[in-house]
Amino acid sequence: MENYKLVLPGDLNQNGYLYGGNLLKWIDEYTWIAATLDYPGSSFVTVALDKVTFKKGVNKGSILKFDIEKTHVGKTSVQYLVKVFCQNNCNTDLELIFSTHITFVNLDKDGRKQNLRDIS
């Protein structure tokens, strides 16, 4: 799955760079959407990101590309690899700025883990 996001002034910190928390929020949201589309009817919560290392600052007007790929399926959980690329201003080259594995677990209405039903 691919998603894109335009970095706007409200996404920036006092130094003019993207807040890391905003990037993590978008990764969580876009990957949750991918998991929900892969497993309709599931109720996912985020349980882990394997690492958080920002490789480069991101400026206003940059376009971020999120590549999301399913990498592991467990009994009650699913993991995705997320790679984030940045295109600064009018530069046509995409640069990898962040990558992580994110894991979701499927919960029932009482908050207990429940098995995934692979609909995809």
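Bear in mind the structure is a predicted one, so any value in this text is a computation, not a measurement.

A. Focus on the environment of Thr 31. Its place among the elements puts Thr 31 in helix 1 (residues 20-38). Taking the C-alpha atoms as reference points, Thr 31 and Ile 68, separated by 37 residues in sequence, lie 6.7 Å from one another. Separated by 2.7 Å, the side chain of Thr 31 and the backbone oxygen of Ile 27 make a polar contact.

B. Just the side chain of Ser 99, in detail. Its place among the elements puts Ser 99 in strand 5 (residues 95-106). Owing to a relative accessible area of 14%, Ser 99 belongs among the buried residues under this scheme. Here Ser 99 is in contact with Lys 51, Lys 55, Val 82 and Lys 83, once residues within four sequence places are set aside.

C. Just the sheet that holds strand 1 (residues 2-6), in detail. Spatial strand order, 1-3-4-5-2: five strands in an open sheet with antiparallel pairing. Edge strands, defined here as strands with exactly one partner in the open sheet, are strand 1 and strand 2 (44-49). In this sheet, neighbouring strand axes are inclined to one another by 30 degrees on average, regardless of whether the strands run parallel or antiparallel. Together, strand 1, strand 2, strand 3 (63-73), strand 4 (77-87) and strand 5 form the strand contacts of helix 1, whose direction differs from that of strand 5 by roughly 50 degrees.

Cut-offs applied
- Residues numbered from 1 in each chain as written.
- Predicted model: local features only at pLDDT ≥ 70, side-chain atom pairs only at ≥ 80, totals over all residues.
- Heavy atoms only, no water.
- Helix = DSSP H or I, 4+ residues; strand = E, 2+ residues; numbered from the N terminus.
- Polar contact = N/O pair within 3.5 Å; in protein donor to acceptor, adjacent residues only side chain to side chain.
- Buried < 20%, exposed > 50% of the residue type's maximum accessible area, 1.4 Å probe, protein only.
- Contact = heavy atoms within 4.5 Å.
- Pairing = 2+ DSSP bridges.
- Axes fitted to C-alpha atoms, helices over the stretch in contact; angles between N-to-C directions.

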